[in-house]
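# Summary of structural features
Here is what each chain is made of, one letter per residue.
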Amino acid sequence: MSEQRRFIPWLPFVTLLQKEVRRFWRVASQTLLTPIITASLYLFVFGATLGERISVLPGFSYAQFVIPGLILMGVINNAFANTSSSLFMSRYLGNIVDLLVTPVTPAQFILAYTLAAMIRGLLVGVAVWAISLYFAELPWTNPLAAIGMAALASFLFAQFGLIAAIYSSNFDSLSMYSNFILLPLIYLGGVFYPISILPPLWAGLSHLNPLFYLIDGFRHAILGVGDLSLSIAFGVGILLASGLFGWAALLIGKGYRLRS
Amino acid sequence: MVPALSIQNLTKSYDGTPAVRNITFAIEPGEIFGLLGPNGAGKSTTINMVAGATRIDSGRIEVFGQDNRRDYLLTRRLIGVMHQELVIDNFFTIDQTLRFHSGYYGVTDDPAWRRQLIERLGLGPHLHKIMIKLSGGLKRRFMIAKALIHKPPLLILDEPTAGVDVELRHTLWDFVREINTQGTTILLTTHYLEEAEQMCGRIAIMNHGDLVALETTAALLERLGGRTLLVELRQPLVALPPGLERCGARLAGNGCRMEVPMNGGPDAGEVLGLLCSQGIAVADIETRRAGLEEVFLKLTGIGRRERESER
């Protein structure tokens, strides 16, 4: 019975990735449809009602200004939600032990969870962009940079989701990360207004918000104008993503709060 | 021969409280080995350290000669583990989860083996139900299939029949015997000592993190089991008759039954003669060979504590 079959080193990673994608796909009404509807409501409010009446960036309608921010908000929220909810539920229900006893390496573990979260985040982002076409057209000045920034943002917040899932002891503490860290960072990060119109003190403080660099970089890549240069936006984004990846890798490599 | 599992000086503590204390034992390939002990004895902690779900404080574990920390990619493929807790993922069906588990172990799906597991464990009619809709018994069956899906040469079963009905228990043990005859080494823990007595060639007993016994089941029963003479009395006694206190006899059943250990003390005839000489009427007698349960209680001290609380 127990003859050894040929071991395929990359198969644990592919399987875990497949399982994670199917996990969010299975409850697509919650994981994909709900964020798309939320973003659509924002688009309706800022696109159809205010979009043509106000302008915060010369040469662009407010709808054109706000759509990149809304797209990235969807990407970030969903990348974070995917890793944090999946890993936390596995820890909470105890089925994480199923993975811990298999030859899935810590690197495969992190990359599979991260890639699934990026796929979900980017799917929501694409859907929000598709819906936004009804309200405004975007110039897509630098599409490669825009895709790169969306991928970087989803990677970064997938790591943040893993870290939050590991440190959270219950549902309340997990929601704290979302409500008291992620949400304020998004809303104060320049989704709805350019940082340059803020008073100097608040504009200065906004530079401490990592979301500002991601959102501004993404908008810059799409509209061709932004508060920061693309290289600064990417530089800060890559630095933050590397830091969070290192932190998540350390926790998962050591099995912190995963292995007793 | 390289042992299927070798545990050397294994130690584990939680927040300074020892859970496993310097235990050493080995399991030979092809054995069915029982690891017994009361709740909190350290059995599951030991199993989790072998499987890789729990970190090792000190000591060494080798699976078929490979270190389970240094060569974990190999040793984890050699082990299939069924955990004590019902560990399931409510998002997926039995069929999907079994396929995933093949992949986690780095082997492609073997449809014939998967079908065989499904058939032998009676999972066929429930294959496409999501886990949350399965009964407790079905979840246990599924967990055995999951542990075996990559055809491991060492199968670890942690309380596989806990909360399982009699019929399923028989099915499970028949299946375990079958895969054992096909070459799979089995390490099992169970609270049903009768099952361990019937299934296991060798038994280790743990208590408070220590290994308190490690012998063949037969030797363990022979060494610690002994025989007991049970005497049903017509009238209850308030105290043991003179001459029987020193041989370890005791009164039970509100003084209506006397239990006399027959390990070198008086034999049955002498006991009856002594009772008759003191005018104590005997209603019935029986001799009983101690089972694993008595051995277990003796080694873990549970019986002694119960007797003390009876007094």
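In this report, the structure presented in the accompanying data block is examined. (Residues numbered from 1 in each chain as written. Chains lettered and ligands numbered in written order. Predicted model: local features only at pLDDT ≥ 70, side-chain atom pairs only at ≥ 80, totals over all residues.)

Per the secondary structure count, chain A includes ten helices and zero strands. Along the longest, intermediate and shortest principal axes, the C-alpha atoms of chain A span 70 × 35 × 35 Å. The burial tally for chain A puts 47% of its 260 residues in the buried class. Here the contacts in chain A between residues at least 6 apart in sequence split such that 80% fall between residues at least 24 apart. (Helix = DSSP H or I, 4+ residues; strand = E, 2+ residues; numbered from the N terminus. Buried ≥ 20, exposed ≤ 12 C-beta atoms within 10 Å, placed from the backbone. Contact = placed C-beta atoms within 7 Å.)

What follows is about the sheet that holds strand E6 (residues 79–82) of chain B. All names here are of chain B. If you trace the six strands from one edge of the open sheet to the other, you get E6-E7-E8-E3-E9-E10, paired in mixed fashion. This sheet does not close on itself; its edge strands, each paired only once, are E6 and strand E10 (210–216). Recorded for the sheet is a direction-independent mean angle of 15 degrees between the axes of neighbouring strands. Pairing of strand E3 (residues 32–36) with strand E8 (residues 185–189), which is carried by three bridges, proceeds in the parallel orientation. The residue of E8 that forms the bridge with Phe33 is Leu187. Where helix H1 (residues 43–51) meets the sheet, its contacts fall on E3, E6, strand E7 (154–158), E8 and strand E9 (202–207), and the angle it forms with E7 comes to roughly 150 degrees. Across the face of the sheet, helix H5 (residues 136–148) comes into contact with E6 and E7 while running at roughly 165 degrees to E6. (Pairing = 2+ DSSP bridges. Axes fitted to C-alpha atoms, helices over the stretch in contact; angles between N-to-C directions.)

The subject of this paragraph is unusual backbone geometry. All names here are of chain B. Positive phi is not limited to glycine here, since Asn9 has a value of about 50 degrees. Positionally, Asn9 belongs in strand E1 (residues 5–14). Backbone geometry places Glu159, a non-glycine residue, at a positive phi of 50 degrees. Mapped onto the elements, Glu159 comes out in the loop between E7 and helix H6 (166–181). Classification of Glu159 as buried rests on a count of 20 C-beta atoms within 10 Å.

Within the element layout of this structure, B:Asp267 appears in the loop between strand E13 (257–261) and helix H9 (268–277). In the structure, B:Asp267 is positioned 38 residues away from B:Leu229 in sequence and 8.6 Å away in space, judged by C-alpha atoms.

It is worth spelling out the interface of chain B and chain A at this point. Tallying the contact residues gives 29 residues for chain B and 28 residues for chain A. Sorting the residues of the side of chain B that touches chain A by element identifies helix H2 (72–78) and helix H3 (94–104) of chain B as the ones contributing at least two each. Of the residues contributing to the side of chain B that touches chain A, the split by class is 14 nonpolar, nine polar and six charged. (Nonpolar A, V, L, I, M, F, W, Y, C, P; charged D, E, K, R; others polar.)

The next thing to look at is the sheet that holds strand E5 (residues 66–67) of chain B. Residues and elements named next belong to chain B. Spatially, E2-E1-E4-E5 is the arrangement adopted by the four strands of the open sheet, whose pairing is antiparallel. Strands at the two margins of the open sheet, each flanked by one partner only, are strand E2 (17–27) and E5. Two elements, E1 and E2, share seven bridges in a ladder whose sense is antiparallel. Residue pairing across strands places Lys12 opposite Val20, the latter belonging to E2. Strands E1, E2 and strand E4 (58–63) of the sheet are contacted by H1, whose axis makes an angle of about 115 degrees with E1.

To continue, consider helix H9 (residues 210–223) of chain A. Helical periodicity: at 3.6 residues per turn, an α-helix aligns residues three or four positions apart in one direction. All names here are of chain A. Helix length check: H9, at 14 residues, gives a terminal C-alpha distance of 20 Å against a target of 20 Å (1.5 Å per residue), a fit within 8%. Most of H9 is tucked away, with 14 of its 14 residues classed as buried. Gly224 lies just past H9 and shows a positive phi near 90 degrees. (Expected span 1.5 Å × (residues − 1).)

Before going further, it helps to spend a moment on helix H10 (residues 230–254) of chain A. Residue and element names in this part refer to chain A. Counted at 1.5 Å a residue, the expected span for H10 with its 25 residues is 36 Å, and the 36 Å between its end C-alpha atoms agrees. For H10, the set of buried residues is Ala233, Gly237, Leu240, Ala241, Leu244, Ala248 and Ile252. For H10, the secondary structure elements touched by its buried residues are helix H5 (106–132), helix H6 (143–167) and H9.

Further remarks concern the environment of A:Pro184. All names here are of chain A. Note that Pro184 resides in helix H7 (residues 171–187). On the neighbour-count criterion, Pro184 (12 C-beta atoms within 10 Å) is exposed. For the pair Pro184 and Val104, spaced 80 residues apart in sequence, the C-alpha separation works out to 36 Å.

Quick look at the nonpolar core now. Counting residues in each nonpolar core, the largest one holds 142 residues, and the members touching the most others are A:Leu72, A:Ala153, B:Ala145 and B:Ile156. In terms of residues, this core owes the most to one element, helix H3 (residues 62–93) of chain A, which gives 16 residues. When residues no more than four places from it in sequence are discounted, the contact partners of A:Leu72 are A:Ala150, A:Ala153, A:Leu214, A:Ile215 and A:Phe218. (Core = buried A, V, L, I, M, F, W, Y, C linked by C-beta atoms within 7 Å.)

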